[in-house]
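Okay, here's what each chain looks like letter by letter:
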Amino acid sequence: MGVSSFGISGTNAHLILEHLPEAHVPVPVPLSDTGTGAGTVPWVISARDGQALRAQAAALVGASVGAAPADLGWSLLTTRSALDHRAVVVGEGRAEWDAALEALAAGDPHPAVAGPGTTVPGRIVWLFSGQGSQRVGMGADLYVRFPVFAAAFDEVCDHLDEFLDDHLEHPLGEVVFTGDKDLLDHTTYAQAGLFALQVALARLLGSAGIRPDVVIGHSLGEIAAAHVAGVFDLPDACRLVAARAGLMGGLPTGGAMTAIQATAEELADDLARHDGRVVVAALNTPDSTVISGPADLVAELGARWAGRDRKIKSLAVSHAFHSPLMDPVLGDFTEAISEISYHPPVIPLISNLTGLPADESIATPGYWAEHIRRPVLFHPAVTHAAPGTRAFLELGPDPVLATATQRTLDADAPLVLSALNGRQPEIQAFTHALARLHTAGVPVDWTAWFPAAQVVDLPTYAFQRERYWLDGGTGGTDAAGLGLLPAGHPLLGAAVELADGGTRVLTGRLSRQTGAWLAEHLVAGTALLPGAALVDWALRAADEVGACVEELTLQAPFVLPESGAVRVQVATGAADPDGRREVRIHSRPDQGSDEWTCHAEGVLRPEPAGPAGDRLDGPWPPPGAEPVDVSGFYELAAAGGYEYGPAFQGLQAVWRDGPDLLAEVSLPETAGDPGGYGVHPALLDAALHPIFLTGRFDGARDQRRLWLPFAWGGVSLSAGGSTALRVRLSPQGPAAAAGERALRVTLTDPAGAPVLSIDTLHLRETSEQQLRAARQREVRGLFTLDWTPLPDLPQQHQATGWVELGATGGEDLAHYADLEALVRAIEAGEPAPPVALTEIRTGSQAMDVAGLAATEQALTLVRAWLSEPELAGTRLVLLTRDPTGAAVAGAWGLVRSAQSENPGRFTLLALQDGTGGVVNAVRAVLDQDEPQAAVRGGVVLVPRLVR
């Protein structure tokens, strides 16, 4: 076993590694190849939450294609933790597993998927069904697949064949697995066969780690429940079953039982007419009652209720149990079971006779005699057991009691399952039932499903990575809760109308975390918010007041800072008599400056009536338009200073149509959803890229011609949310001035319907120097480090008792060659000095070598200084003389760490000119208790944080 610890800052993690015990691999069991589910294997999947569970399923689709399904299932079981969110895929073939995994990953139901579910607390209640649920072949597939089941079934059959020797014409197991239905429905075979099946199921469940907290039986099923609860051992339980089945089966036939959709109270009048010959035999559900008696009377009463549109069902029995027709055997039965050893139940058992937990009377022959005659109170028993229960599991051939339990309980009832289902191969049904228990958090030992399986590699856990730190983008606060209105825009968080009735302000907060695509618009290496974004904001402001953008002129580049965020305001003024309003766009760093920068200002005018732009719905491209090669355009643009990231690479095709340029552009997926924008800035910016096809990208870097939009006139929006556009760019007369271009822009959707029109767009030439200047305005930190003069410098002082180690220019101080010499002097009787000066020298090597040498020198000196007890009261002042400080940066950092751990033992002093005044400088630093200082031009400077 090994232990590892690691961490960053205040976060620490500890990992314990220990050897995994060798997995127990059971001896292979011969499996049938009859298509009855013998090859069924469960794949157990779990995760910390539902999303991770679905991701785990997706990762498993097609995983380890060459591996055997059993090996994959075994690996999932033994090499993965069982987490709270669970699902189990139960299947026989790879295609079935993959289809089920795909459904689980998509959150869709699938018959081969158990769950998904989460662990829940509560008890497990086992239900044991009674006579009438039997069917030929029940348990046969489990007998072949699971040795535990086969051994238990054989053990019970051996006892019953012996005790029923006078009543059975054929071996019990033969009749159960392959016999005639009419023979199995006979009371003797039916009761004995059901008991054998239920005991074998209980043993099989126990081998899988499933134990009951409460047991409930129905008629015959209560004997199996009592055996499981410890009332009697298996031989005595078989004696009781044999006596019961033999005596009851020996009664004259002619009895019948029928379930009627009615309450016992509703049936009372009809039953009274027969003078007690037909009675209530069982209360199965609140609205389903079983009657028992002579076959003709039961049939007559059943037909009467069927005529009242009530459901009836005749049970597969040969006698009328729990009726007066059982009276002839009660005495003989009581005598036959009088020698049996009874014990109080060790597992709570809810009695058929009372619907409440059994008392000491269950351990008497009289209880079991009454049990034959009195009605079965099943639904009262279930109702009593339901609180605190997480799962009911029926042990029988079919979901008979499970169905009754579901009809008894409320909609939010516990999980109700049946171990077997006659409509499904038995191994699949049994495996699926255990899988449902597993998804509810019940521990299941699946070893028996994986004979001779091996561990194979699996996909790693599908971690759901979630950013821990809050993003600095917009939308983090409910605008309405702050007295604002939602802006309805991805980059603008809120809107407010000022009390003057005319001014409206849209606000936002931008950073490189707001949207990664924002930082992909680089011009000459500067992350520049595209002018298209400013126009989109102006259009949003215009929409607030029912206007369009008459003009918008850019005043200053909007540089996105490397770190931190900027606040944005888009403000519109009051309308003049013509309905025009001013619009201004400002930004200010979140920290470090109170100054607002105006990036754009313009005018909004009332929206004109009619269409806002031209259509481009003729043939596209128009006849005669010449295609322009755009291959490699963005690589060429990057060389020219326009470094567009993937979100801005939307240009698809370009044509020349006379003096006009035509284009098709689309919004890349990395730019995000266009919803909320008039025209997404990345899409609008891409619509202008054909302009650069006519420019020059060559020339020296500092002489490149960089064109940026700076004035927009007559901007009208017709439709928002576009992901693809047709574009027409039309030159507009001569340039207004040298270094300027003008054009008209028409944007439509792919069908030619208007989206956006710009009457005049002016582009202006700029230089890299101008952009670099704008970049200097990036957000600074709240505080920066500055070296400020130390006030009140002392006059000349004599350094009494001070010493120097090596040559420091310490102005006639006592001198020691090195630290060892100083220590020897102190040991010889010299007093320990209050201050010792030494110098960290860098020599004339290359800076990286000099820095390493200085750091090693400082480390050696600090360690030695701290290890000498004679120097405990002496302060060591370390001098450096590097004019740039780079070569000694490592040494300074190391000594600063030593200062924090050993206050008052070290002082750092940088001498950046000459050697004079060292003692005075040190004296000033010590008088002011400064740990670090520098001397420049005779002035002592100390580090301070300033705004």
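Residues numbered from 1 in each chain as written. Predicted model: local features only at pLDDT ≥ 70, side-chain atom pairs only at ≥ 80, totals over all residues. Heavy atoms only, no water.

### Considering the overall build of the protein chain
Across its full length, the protein chain holds 25 helices and 40 strands. With 947 residues in all, the protein chain has 50% of them scored as buried. In the protein chain, the proportion of contacts linking residues at least 24 apart, taken out of those at least 6 apart, comes to 73%. Accessible area for the protein chain stands at about 42,400 Å²; split by element, carbon and sulfur atoms hold 52% of it. (Helix = DSSP H or I, 4+ residues; strand = E, 2+ residues; numbered from the N terminus. Buried < 20%, exposed > 50% of the residue type's maximum accessible area, 1.4 Å probe, protein only. Contact = heavy atoms within 4.5 Å. Areas by Shrake-Rupley, 256 points an atom, 1.4 Å probe, with all protein chains shown as cover.)

### Focus: a negative patch on the surface
Where like charges cluster on the molecular surface, the negative patch consists of Asp154, Asp158, Glu162, Asp165 and Asp166. Relative to the helices and strands, Glu162 is located in helix α5 (residues 147–163). Owing to a relative accessible area of 55%, Glu162 belongs among the exposed residues under this scheme. (Patch = residues over 30% accessible without salt bridge, like charges linked within 9 Å, V, L, I, M, F, W, Y side chains within 5 Å. Salt bridge = Lys/Arg side-chain N within 4 Å of Asp/Glu carboxyl O. Lys, Arg positive; Asp, Glu negative; His and termini not counted. Charge placed at Lys NZ, Arg CZ, Asp CG, Glu CD.)

### With respect to the sheet that holds strand β3 (residues 41–47)
One open sheet accounts for three strands, arranged β3-β4-β5; its pairing is antiparallel. The open sheet has two edge strands, β3 and β5 (113–118), and neither has a second partner. Looking at each pair of strands side by side, their axes are set apart by 15° on average, direction ignored. The sheet contact formed by strand β4 (residues 85–91) and β5 spans four bridges and is antiparallel. Paired with His85 across the bridge in β5 is Thr118. Taken strand by strand, helix α1 (residues 50–60) contacts β3, β4 and β5, and its axis lies near 135° from that of β3. This element, helix α17 (residues 426–439), spans β3, β4 and β5 of the sheet and lies at about 170° to β4. (Pairing = 2+ DSSP bridges. Axes fitted to C-alpha atoms, helices over the stretch in contact; angles between N-to-C directions.)

### Quick word on the sheet that holds strand β8 (residues 255–260)
Pairing is mixed in the open sheet, where five strands are placed in the order β11-β8-β10-β9-β13. In the strand order of this sheet, the two ends are held by β11 (312–314) and β13 (376–377), each with one partner. Sheet topology places strand β9 (residues 279–285) next to strand β10 (residues 288–294); five bridges connect them, and they run antiparallel. Paired with Val280 across the strands is Ile291, a residue of β10. Against the sheet, helix α15 (residues 378–385) makes contact with β9 and β13, and its axis sits at roughly 30° relative to β9, the strand it touches most.

### Quick word on unusual backbone geometry
Among all residues except glycine, the phi angle is most often negative; among peptide bonds, the trans geometry is most common. A cis amide bond, omega 0°, links Gly115 with the succeeding residue Pro116. Of note, His322 is a non-glycine position whose phi angle comes to about 60°, a positive value. Take His322: it is sitting in the loop between β11 and α13 (327–336). Its identity is not glycine, yet Asp929 carries a phi of approximately 55°, on the positive side. By secondary structure assignment, the location of Asp929 is in the loop between α25 (918–927) and β39 (932–936).

### Brief notes about the side chain of Ser351
Inspection of the secondary structure assignment puts Ser351 in the loop between β12 (349–350) and α14 (365–373). At a separation of 3.0 Å, a polar atom in the side chain of Ser351 contacts the main-chain amide nitrogen of Leu353. Here Tyr367 takes part through its side chain, which lies 2.6 Å from a polar atom of the side chain of Ser351. In this structure, Ser351 is in contact with Glu222, Leu356, Ala358 and Tyr367, ignoring residues within four places of it in sequence. (Polar contact = N/O pair within 3.5 Å; in protein donor to acceptor, adjacent residues only side chain to side chain.)

### Describing the layout of surface pockets
In this structure, the largest pocket spans a volume of roughly 1,000 Å³. Looking at the largest pocket, it is lined by 43 residues, and the ones nearest its centre are Ala259, Asn284, Lys313, Leu315 and Val400. Of all the elements in the fold, those that place two or more residues in the lining of the largest pocket are α7 (181–185), α10 (234–249), β8, β9, β10, β11 and α16 (400–408). With five residues, the top contributor of residues to the lining of the largest pocket is α16. Its residues placed into classes, the lining of the largest pocket shows 18 nonpolar, 16 polar and nine charged. (1 Å grid on protein atoms, 1.4 Å probe; cavity = no way out; pocket = protein on both sides within 12 Å on 5 of 7 lines; lining within 4 Å. Points joined across faces, edges and corners; volume = space filled by probe spheres on them. Nonpolar A, V, L, I, M, F, W, Y, C, P; charged D, E, K, R; others polar.)

### Description of the packing of helix α8 (residues 187–207) against helix α9 (residues 221–229)
Relative orientation of the contacting elements α8 and α9 amounts to 35°, with a least axis distance of 9 Å. Classified by chirality, the crossing of α9 by α8 is right-handed. Here Phe195, Gln198, Val199 and Ala202 of α8 come into contact with α9, specifically with Gly221, Ile223, Ala224, His227 and Val228. Taken together, the residues of the contact of α8 with α9 sort by class into six nonpolar, three polar and no charged. (Left-handed = near helix turned anticlockwise from the far one by under 90°.)

### Some points on the nonpolar core
Counting 137 residues, the largest nonpolar core has Trp126, Leu160, Phe195, Phe232, Trp368 and Phe430 as the members making the most contacts within it. Among the elements that line this core, the one with the most residues is α8, at twelve residues. Among the nonpolar cores identified, the runner-up in size contains 76 residues, and Tyr677, Leu683, Val715 and Leu761 belong to it. (Core = buried A, V, L, I, M, F, W, Y, C linked by side-chain atoms within 4.5 Å.)

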